Structures are given as C-alpha cells and as structure tokens.
Amino acid sequence: MNPVGLFSAFRVQQKRTENAYTCSLVLNDSLPDALPGQFVMAWLPGIDERPFSLSDNDPVRITVADVGSFSHALNQLQPGDYLWLRGPLGRGFISRGRSHLLLGGGYGAAPLSFLAKSLCAQGNQVGVCLGARSRADLLLVEEFSSLGCQVWLATEDGSAGKQGLLTALLPEAQNALKPETVYACGPIGMLTTMAAWARTAGLPAQLSFEGVMRCGVGLCGSCELPETTCQQLGLAPGFLVCHDGPVGEISPNHFS
Ligand SMILES: Cc1cc2nc3c(=O)[nH]c(=O)nc-3n(C[C@H](O)[C@H](O)[C@H](O)COP(=O)(O)OP(=O)(O)OC[C@H]3O[C@@H](n4cnc5c(N)ncnc54)[C@H](O)[C@@H]3O)c2cc1C
Ligand code: FES
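First, a word on what this report is: a plain description of the structure on this page. Predicted, not measured: the structure shown is a model, and the values here were computed from it. (Residues numbered from 1 in each chain as written. Chains lettered and ligands numbered in written order. Predicted model: local features only at pLDDT ≥ 70, side-chain atom pairs only at ≥ 80, totals over all residues.)

**Digging into the overall build of the protein**
1) Next: The helix and strand inventory of the protein stands at six helices and 14 strands.
2) Next: The proportion of buried residues among the 256 residues of the protein is 46%.
3) Next: For the protein, long-range pairs separated by at least 24 residues make up 63% of all intrachain contacts whose partners lie at least 6 apart in sequence. (Helix = DSSP H or I, 4+ residues; strand = E, 2+ residues; numbered from the N terminus. Buried ≥ 20, exposed ≤ 12 C-beta atoms within 10 Å, placed from the backbone. Contact = placed C-beta atoms within 7 Å.)

Here it is as structure tokens:
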C-alpha cells in the first residue's frame, strides 16, 4: 500500500464503456489492502484531482461518469495512458451477516460491484437493487448478475424493471432475500429514504456519502456533512466524508 499522501503512477490497461457517458478504467496494478467502499484520489497533472470509489481493487478499476471537466478528462484516457492515484482512503463497508442487500443509484453501483464481488467470494447471499433514469443509464447490471447476485431494477421512465424510484424495490427485495444488513451508495435523498426504510425494517444500514473533497485525509474540513444530515441519521456531528466515511453505519435505533 502506498502512503496516503503520495501519488503512485498507474497506466490504463483496459477501457470499458459502461453506458453513453460512463467508462471503467482498468489499471495495470492492484491495491491488495483496499476494502470495498474505500476511495482513491485520482490526479491528472495540470487538470485537477477528484475522489473516485474503487469498483475493484485487483486490478484497480474506477468507473467514471462524464459530468464535468475532470471526469471528462478521465473519460478521454486510452489504454497506455497514465493517471496518478493516492489511497486507498477512508472507511469502507463492513460485512455483517450472511445475507446482504445492496442499493445503488447512478454511479453508486461502482463501489457496490467491489462489495458484491467480495461478499459472493465468501459464499454470502447478495441481492442488488439498481436504479437510474432509463435503461440506457443503468450501470454494471450484467456484472452483478454474473457474480451470482439477485438483481432488481428500477427506472424513472419504466424502460427497464419497475417504473419509479429505486427505493420502491425495497419491500420486494426484502421479502425475497431476508437481508441482515443493507448497504447503499447514491444521491443523499436516496440514502435518507433508505435509512428510514431500514429503521422501519429493523435493519442496520451502511451508507456511502459524498462530499466536496480537497485533502481527502481529514485535514481541511471541506467534506463535512451538514449538521442536519448528521442529526437525522444519528451520525456524530462534524462527520468528515473522507475520514469518518465515506461509509457511515446507521443503527436502526438512531434514525430520527
Ligand atoms: C467518496 C466519493 C466517491 C466518488 N466516486 C465516484 C465514482 O465512483 N464515479 C464517479 O463518476 N464519480 C465519483 N465521485 C464524484 C467525483 O469525485 C467528481 O465529483 C465528479 O466526477 C465530478 O467532477 P468533475 O470535475 O468532472 O465535475 P465538476 O466540474 O465538479 O462538476 C460539473 C457539473 O456537474 C455536476 N455534477 C458533479 N457531479 C455530478 C454527478 N455525479 N452527477 C451529475 N452531475 C454532477 C456539478 O454540480 C457541476 O454542475 C465520487 C465522489 C466522492 C466524494
Ligand atoms: S477532504 Fe479535507 S477533511 Fe475531508
């Protein structure tokens, strides 16, 4: 593992198109100590650096939606090109129990693919709910299926799976899977809805949060979650996404 403050050079080994605006970059080395849910800071000299969840660690893979200048530059990389990473950083998911329900909105599917791979390799039962605007926006569906996960889909326009929001899949998935822990990554609205549902269902939840990151190691304070979010979810005030998360554990008793 490289020291968290230093960047290491990686080369793109393979570039995989995941949808019209998202690619996965498979790199030429592994991060064997990385845990699902941890992230890396990716740096392109002269452009910027940004945090990305690991969608796999061996070999390292990041899955990047092209939404702005930095993510666009990453989407332009080709096999053989260099990028620099520091990490793995932050706290990842902790596997609890034998039956697990994973919920991914948008590129939130990325860290969950690493988690699903690890849980399936240990012989756990894994169900995955994926949601997006339309069929064309869904990510990594075939990958979860090929790992042996049971997969439920929701799209806002009804072009794949159930029409509506991803969280509408929760009752059906719970009945089929009887999960002991739920894990989620996606927009904050999805995470709070998921936490409320998990509390009603009496299930512990592990949620992966986003924040504006600069240092990535708990020094600058830019990634602190709003006080209201911490209060609502029962997280310690001043929760730093990079240092205390990105994954926060929510007890079913603590959601207000
Ligand atoms: C812990 C963590 C893990 C992350 N993991 C991933 C990951 O696995 N894959 C990934 O693609 N991104 C991930 N991100 C987001 C990533 O770090 C960048 O914020 C994102 O790529 C946008 O950066 P940019 O410079 O391209 O766009 P910016 O210039 O920062 O933003 C351009 C515009 O796009 C909007 N925007 C920013 N992000 C999004 C978004 N996600 N969807 C829609 N609009 C957006 C902004 O509001 C702005 O209007 C993660 C962030 C965190 C904190
Ligand atoms: S990014 Fe600096 S404290 Fe989290």
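**Regarding the site of ligand 1**
1) Next: The full set close to ligand 1 counts 20 residues, and Ser 53, Ala 65, Gly 68, Phe 70 and Ser 71 are the nearest of them.
2) Next: Elements that contribute at least two residues to the shell around ligand 1 include exactly strand 4 (48–53), strand 6 (60–65) and helix 1 (69–76).
3) Next: Of the residues forming the shell around ligand 1, the biggest block, four residues, is contributed by strand 4.
4) Next: A per-class count over the shell around ligand 1 returns 12 nonpolar, six polar and two charged.
5) Next: Two domains each donate at least three residues to the shell around ligand 1, and these are domain 1 (8–89) and domain 2 (99–250). (Near = placed C-beta within 6 Å. Nonpolar A, V, L, I, M, F, W, Y, C, P; charged D, E, K, R; others polar. Domains from an automatic or database assignment.)

**Quick notes on the sheet that holds strand 6**
1) Next: Pairing is antiparallel in the open sheet, where seven strands are placed in the order 4-3-7-1-2-6-5. Both edges of this open sheet fall to strand 4 and strand 5 (56–57), since each of them pairs with a single strand only.
2) Next: Note: strand 2 (residues 22–27) against strand 6, five bridges, orientation antiparallel. Bridging across to strand 6, Thr 22 finds its partner in Ala 65.
3) Next: Relative to strand 6, helix 1 is tilted by about 125°, and along the sheet it contacts strand 2, strand 3 (39–44), strand 4 and strand 6. (Pairing = 2+ DSSP bridges. Axes fitted to C-alpha atoms, helices over the stretch in contact; angles between N-to-C directions.)

**Description of the nonpolar core**
1) Next: Ranked by size, the top nonpolar core spans 71 residues in total, and within it Leu 102, Ala 116, Val 128, Cys 129, Ala 184, Met 194 and Leu 207 carry the most contacts.
2) Next: At seven residues, the largest contribution of residues to this core is made by helix 2 (residues 109–121).
3) Next: The residues that make up this core include at least three from each of domain 1 (8–89) and domain 2 (99–250). (Core = buried A, V, L, I, M, F, W, Y, C linked by C-beta atoms within 7 Å.)

**Some remarks on the sheet that holds strand 14 (residues 247–250)**
1) Next: Strand order in the open sheet formed by seven strands is 11-10-9-8-12-13-14, with mixed pairing between adjacent strands. Each of the sheet's edge strands pairs with one partner strand only, and the pair in question is strand 11 (162–163) and strand 14.

**Here we look at the pairing of strand 4**
1) Next: A large share of strand 4 lies buried, amounting to five of its six residues.
2) Next: Here six bridges tie strand 3 to strand 4, and the two strands are oriented antiparallel to one another. Bridge assignment links Val 40 to a residue of strand 4, and that residue is Phe 52.
3) Next: The hairpin formed by strand 3 and strand 4 contains three residues between the paired strands, and Gly 46 there has a positive phi angle of roughly 80°.

**A closer look at unusual backbone geometry**
1) Next: Here the bond from Asp 58 into Pro 59 is cis, since omega is 0°, no more than 30 degrees from zero.
2) Next: Here Pro 59 shows up in the loop between strand 5 and strand 6.
3) Next: Residue Gly 87 is joined to Pro 88 through a cis peptide bond whose omega torsion reads 10°.
4) Next: Assignment of secondary structure puts Pro 88 in strand 7 (residues 82–89).

**Let's talk about helix 2**
1) Next: Compared with an ideal rise of 1.5 Å per residue, which puts 13 residues at 18 Å, helix 2 spans 18 Å between its outermost C-alpha atoms and is within 8% of the ideal.
2) Next: In terms of burial, helix 2 is a largely internal element, 10 of the 13 residues being buried.
3) Next: Listed as buried for helix 2 are Ala 109, Ala 110, Pro 111, Leu 112, Ser 113, Phe 114, Leu 115, Ala 116, Ser 118 and Leu 119.
4) Next: A positive phi of about 80° marks Gly 123, the residue just after helix 2. (Expected span 1.5 Å × (residues − 1).)

**Thoughts on the pairing of strand 13 (residues 205–208)**
1) Next: Side chains Ala 205 and Leu 207 of strand 13 all project onto a buried face; the interleaved residues Gln 206 and Ser 208 project onto the opposite face, where all are buried too.
2) Next: Of the pairings in the sheet, the one linking strand 12 (residues 181–185) to strand 13 comprises four bridges and is parallel in character. For Cys 185, the partnering residue across the bridge sits in strand 13 and is Ser 208.
3) Next: You can see the chain leave strand 12, run along helix 5 (residues 188–201) and come back into strand 13, and the turn it takes is right-handed. (Right-handed = clockwise from strand over helix to strand, strands pointing away.)

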